[in-house]
Amino acid sequence: MKIGIIGNPFVGKTTLFNLLTGSNDDVSKPGETKIVEVRDPRITKLSEMYQPKKTIYATLEFTDTFGLDPEAGAKERNRVFGLILKCDALLWTIGNFEQCASSPLDQFEAIKAEILLRDLELVENRKNNLENSKRKLEKTELQELEMIRKLHAVLEDEKWPQIQDYSEEEIKTISSMALFTLKPSIIVLNSDEEHYKKEDAETENLKKICKEFNFALTEICGKFEMELNELDVEEKEIFMEEMNISESGLDILTRVVYEYVGLISFFTVGPDEVRAWTIKEGTNAKSAAGKIHSDLERGFIRAELMSYDDLMEHGSEKALKDKGLFKVVGKDHIVLNGDILNIRFNV
């Protein structure tokens, strides 16, 4: 999962990037990308149980960007968006501290306007090309034009297109345009100690708008958490308790991303490797096997399956087999979060 961090200038994008990636650079490096491990405690426990040669956690990839300045014009906007064109999701950093040049709501509206303008330009260009074609449009092009007009109307109305409103064929066409309004958006309210978890009209309105647009919203105290990382474990726990922070910013964001985008993890275990694999919720066993290797999907026979929770409760694979909790499933079985799979295949 690739996530692009965007936001207005001086709202704490670099602080957030450093917090999430374990960096400590004071100077922003727009375009820098770093991969971080999702420290799933389930993988840690499985590794302790199987003692493998390798333990591999799932990963998230973050990309930092330039400040998205509404007054800088299209060239600057396109420079920012060019850095995150291939990202799977967008992380909007909203500064919530006195030094910010504008309020959280104004920052939100500024980013929203830039994204809408960029996508509207792309859709409008495609719409004009089809409408002004000097040749007779083919049937598929007429269908595309109808869909593009519908999409154009949504963007003109300053709304976010909802993917469920389009057919599979339309989605293929839309996806080729790389629209940012179709990428999942996660809003991170980056507060200082004074504003953290303070309920006021501004934050309540932001919550309401995010709900209307179906955006995920979470809050962190970025600068404070960066300072915490310099303390020893005991001091860190004391300060986190004082600030009512129960988990790290990365842990919070990871959970929000997984839940919002509809991702789950399944595991493979053994003496050589314990590993987490990330898939979309609702993925069947055969497709999940393809996440490991295309040969496993192509030659899929069956999957041996056990639940992480069952394994932790009963302590061993043998105990699960004795209790009938070790299952054999076919290609259409829907993989659940925490399933442990062993794929049988023949190529």
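Residues numbered from 1 in each chain as written. Predicted model: local features only at pLDDT ≥ 70, side-chain atom pairs only at ≥ 80, totals over all residues. Heavy atoms only, no water.

So, the packing of aromatic side chains
- Within this structure, the stated rule accounts for eleven aromatic pairs.
- On the numbers, 5.1 Å between centres and 40 degrees between planes, the contact of tryptophan 92 with phenylalanine 108 is tilted. Of this pair, tryptophan 92 sits in strand 5 (residues 89–96) while phenylalanine 108 is found in helix 4 (residues 104–131), placing the two residues 16 residues apart along the sequence. With respect to burial, tryptophan 92 and phenylalanine 108 carry one shared label: buried.
- Seen from their ring centres, tryptophan 92 and phenylalanine 215 are 5.2 Å apart, and the 55 degrees between their planes marks the pair as tilted. Taken together, the residues span a long stretch of sequence, with tryptophan 92 in strand 5 and phenylalanine 215 in the loop between helix 7 (201–213) and strand 7 (216–220) at a distance of 123 residues. For the pair tryptophan 92 and phenylalanine 215, a shared accessibility class is recorded, and that class is buried.
- The ring of tryptophan 277 is capped by arginine 275, whose NZ or CZ atom sits 4.1 Å from the centre of that ring. (Phe/Tyr/Trp six-rings, centres within 6.5 Å; stacked < 30°, edge-to-face > 60°. Helix = DSSP H or I, 4+ residues; strand = E, 2+ residues; numbered from the N terminus. Buried < 20%, exposed > 50% of the residue type's maximum accessible area, 1.4 Å probe, protein only. Lys NZ or Arg CZ within 6 Å of the ring centre and 35° of its normal.)

Structural notes on helix 3 (residues 74–83)
- By the burial criterion, the buried members of helix 3 are Arg77, Val80 and Phe81. Buried residues of helix 3, seen end-on, are gathered within an arc of 95 degrees and therefore sit on one face of the element.
- Where helix 3 is buried, its residues contact strand 1 (2–6) and helix 4. (Arc of directions from axis to C-beta. Contact = heavy atoms within 4.5 Å.)

Things to note about the pairing of strand 9 (residues 273–280)
- Sheet topology places strand 3 (residues 54–56) next to strand 9; three bridges connect them, and they run parallel. For isoleucine 56, the partnering residue across the bridge sits in strand 9 and is arginine 275.
- In the sheet, strand 8 (residues 263–268) pairs with strand 9 via six bridges, with the strands oriented antiparallel. Its bridge partner being in strand 9, phenylalanine 266 is matched across the sheet by tryptophan 277.
- Between the end of strand 8 and the start of strand 9, which pair antiparallel, lie four residues. (Pairing = 2+ DSSP bridges.)

A closer look at the environment of isoleucine 340
- Within the secondary structure layout, isoleucine 340 lies in strand 12 (residues 339–345).
- Separated by 325 residues in the primary sequence, isoleucine 340 and threonine 15 have C-alpha atoms spaced 36 Å apart.
- The residues touching isoleucine 340, leaving out its near neighbours within four places in the chain, are Leu46, Phe267, Val269, Glu304, Leu305, Met306, Ser307, Tyr308 and Leu311.

Description of the sheet that holds strand 1
- Strand order in the open sheet formed by six strands is 2-4-1-5-6-7, and the pairing between neighbours is mixed. Two strands lie at the open edges of the sheet, namely strand 2 (33–38) and strand 7, each paired on one side alone. The mean inter-strand angle of the sheet, taken between neighbouring strand axes irrespective of direction, is 25 degrees.
- Relative to strand 6 (residues 185–191), strand 5 is paired through seven bridges, and the arrangement is parallel. Residue pairing for strand 6: tryptophan 92 is matched across the bridge by isoleucine 187.
- Across the face of the sheet, helix 4 comes into contact with strand 1, strand 5 and strand 6 while running at roughly 150 degrees to strand 5. (Axes fitted to C-alpha atoms, helices over the stretch in contact; angles between N-to-C directions.)

Quick look at helix 9 (residues 233–242)
- With one of ten residues buried, helix 9 lies mostly on the surface of the structure.
- A distance of 3.3 Å separates the backbone nitrogen of glutamate 234 from a side-chain oxygen at the start of helix 9, and that oxygen is part of aspartate 232.
- Just beyond helix 9, the residue with positive phi is asparagine 244, at close to 60 degrees. (Polar contact = N/O pair within 3.5 Å; in protein donor to acceptor, adjacent residues only side chain to side chain.)

Examining the pattern of salt bridges
- Per the stated rule, a full pass over the model turns up 21 salt bridges.
- Arginine 118 is paired through a salt bridge with aspartate 119; the nearest N and O atoms lie 2.9 Å apart.
- On the accessibility criterion, arginine 118 (10% relative accessible area) is buried.
- Between arginine 135 and glutamate 141 there is a salt bridge; the shortest N-O distance is 2.6 Å.
- Via salt bridges that share partners, Arg77, Glu114 and Glu121 belong to a single interconnected network. (Salt bridge = Lys/Arg side-chain N within 4 Å of Asp/Glu carboxyl O.)

Geometry only, nothing functional implied.
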